[in-house]
Amino acid sequence: MPLYQEQTIKVHNSLTGKKETFIPINEGHIGMYVCGPTVYSNVHLGNCRTFMSFDMIFRYFRHLGYKVRYVRNITDAGHLVDDAEDGEDKIAKKARLEQLEPMEVVQRYTVDFHNILEKFNFLPPSIEPTATGHIIEQIEIIKDILEKGYAYEVNGSVYFDVVKFNETNEYGKLSGRKLEDMIANTRELTAQDDKKSPQDFALWKKAEPEHIMRWPSPWGDGFPGWHLECTAMSTKYLGETFDIHGGGMDLKFPHHECEIAQAEASNGKSPVKYWMHANMLTLNGKKMAKSTGNSILPGEIFSGENDILSKPFSPAMVRFFMMQAHYTSILDISNDALLASEKGFNKLMDSIKSINSLPIGSKSDFDVPTWKHSCYDAMNDDFNTPILIAKLFDAVKHINLIKEGSETITKEDKEILFDTMKSFVFDVLGLEDKQSSNADLEKLSGVVELLIQLRKEARENKDFATSDKIRDQLAELGIQLKDGKEGTTYSL
Ligand SMILES: [Zn+2]
């Protein structure tokens, strides 16, 4: 029986503002879409936190035995500067400034994005589609929305008619806004505006002659509006209604609101059962912004090349730090917070390593099955990783007491303890114990150096049988010795 049949997960649904029991549309299967990065610059640490929250959620579902189709897109066209409705495409602008092909910009920062996520030990999504790879699908949806009367064409651009849509549907239901208030609080349209109402948003934008990213369409050369790609790709890969749509809190409005409007206008169905939003990351108590200097890139944290932190921190440690906060809370990153977190991280890793050598007793002073249950309860309560980590540290406390001889544990409980710790720490939280591999490498190097020394002594004593044996047996283990002028070196 898959684990998920024993667990009831509660999810905070941004659409209703309530924690709801999670029931997937198709039993045992989950469709999850998360808005990915716009690849025009190095990936932000704040975005990494959002993607990491959904990586953890993806991991937990998989741990429970669900078959998850996880789609996370790459925005490589259509996202305009300042998330605006008019102006330059973020990628086209970067391409112009750096004199690159737009696809060179996309390639460069997609590689950076994957590289950073790999360091953070992310699982790859099931599908990672791009906006430019789905222009045809986007044009088809625009045609559909036009046909249904929820959009209009002006001068080669197509806009979504929010006022018309709101007559039969509810625009603003996700972000808790009312269209009347939005209209009251926006400036009047100027004469040059093509839009009927300021709330209308572009489905297709006409490309001016200087615009370098352009595609042919029934309305002339242009490019898709930013919100449309997610509707096209989520519908294509997950269906008209799917289980989970995630993203950063900042995408709730207008991006996700517009996704709902597009989907409802085109197929009459609400696209998503559970909307989930991850909160932001601040640095030293302030919003991260390149312009104020209050900003740090993931790579700068790993290498230590920055003016904000006192030392480098490993990706696994930063991941542990992020997992110590609930995904819906704001998290502040600072040198002190990272240093404190690092102590905990090392303690946790050391503790896991020591479980196997714990002495076995005839009874357990620590109720391991109940503790295991409480770990699942924490995750089932809207993926509450800080509570889960507190539970893991309860186990660390008992492991230490057993080590000291103040408590005992049975063989059976010790196995449950080890398996549960490993599952939650490595599989669900996605932490890696890189420290131990570094330490192991150091030990290995000491052992090989010792053997090189013994071989040298054997050769000096003309004991060639022994010296050859050392060389050959190391070679069999994949360790090559090389004799040079400066002495013997080795490679793995
Ligand atoms: Zn999106």
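These numbers come from a predicted model, not from an experiment.

Focus on the overall build of the protein
Counting its regular elements, the protein contains 16 helices and 15 strands. Projected onto its principal axes, the C-alpha coordinates of the protein cover approximately 95 × 60 × 40 Å. With 492 residues in all, the protein has 49% of them scored as buried. Restricting the contact set of the protein to residue pairs at least 6 apart, pairs at least 24 apart contribute 72%. About 23200 Å² of surface is accessible on the protein, with carbon and sulfur atoms providing 50% of the total. The distance from the centre of the 57 positive side-chain charges to the centre of the 74 negative ones in the protein is 3 Å.

As for the coordination of the zinc ion
Only Cys35 (SG), Cys230 (SG) and His255 (NE2) from the protein reach the zinc ion as donors, at distances of 2.0 to 2.1 Å. Here the donor residues of the zinc ion are spaced in sequence according to C-x194-C-x24-H. Here the residue Cys230 occupies a position in helix H7 (residues 226–238), and His255 occupies one in helix H8 (residues 252–267), the gap between them amounting to 25 residues. The exposure classification of Cys230 matches that of His255, with both residues buried.

Structural notes on the pattern of salt bridges
Side chains that differ in sign of charge can pair as their charged atoms come close. Enumeration according to the criterion identifies 24 salt bridges in this entry. Put simply, Lys94 and Glu98 hold a salt bridge, and the shortest N to O gap is 3.3 Å. With a gap of 4 residues between them, Lys94 and Glu98 both fall in helix H2 (residues 90–98), about one helical turn apart. Lys143 is the salt-bridge partner of Glu140, the closest N and O atoms lying 3.0 Å from each other. Of this pair, Glu140 and Lys143 are both found in helix H4 (residues 135–147), 3 residues apart, which corresponds to roughly one turn of the helix. Given a relative accessible area of 42%, Glu140 falls into the partly exposed group. Here the salt bridges do not stand alone but share partners, grouping Asp55, Arg59 and Arg319 into one network.

Here's the deal with unusual backbone geometry
In this model, Phe253 is joined to Pro254 through a cis peptide bond whose omega is 0°. Tracing the backbone through its elements, the reader meets Pro254 in helix H8. One non-glycine residue, Gln99, adopts positive backbone phi at about 50°. As for its position among the elements, Gln99 is in the loop between H2 and helix H3 (102–119). With a relative accessible area of 73%, Gln99 lands in the exposed category. Not every positive phi belongs to a glycine, and Asn155 is a case in point at roughly 45°.

Points about the UniProt feature "short sequence motif: 'HIGH' region" (unreviewed entry) in the protein
As annotated by UniProt and renumbered to match this structure, "short sequence motif: 'HIGH' region" (unreviewed entry) occupies residues 37–47. Taken end to end, residues 37–47 comprises 27% helix and 0% strand; its first and last C-alpha atoms sit 8 Å apart.

Basis of the calculations
Residues numbered from 1 in each chain as written. Predicted model: local features only at pLDDT ≥ 70, side-chain atom pairs only at ≥ 80, totals over all residues. Heavy atoms only, no water. Helix = DSSP H or I, 4+ residues; strand = E, 2+ residues; numbered from the N terminus. Buried < 20%, exposed > 50% of the residue type's maximum accessible area, 1.4 Å probe, protein only. Contact = heavy atoms within 4.5 Å. Areas by Shrake-Rupley, 256 points an atom, 1.4 Å probe, with all protein chains shown as cover. Lys, Arg positive; Asp, Glu negative; His and termini not counted. Charge placed at Lys NZ, Arg CZ, Asp CG, Glu CD. Donors = N, O, S within 2.8 Å, 3.2 Å for Na, K, Ca; no water. Salt bridge = Lys/Arg side-chain N within 4 Å of Asp/Glu carboxyl O. UniProt positions renumbered as here; feature names shortened; annotations may be inferred.

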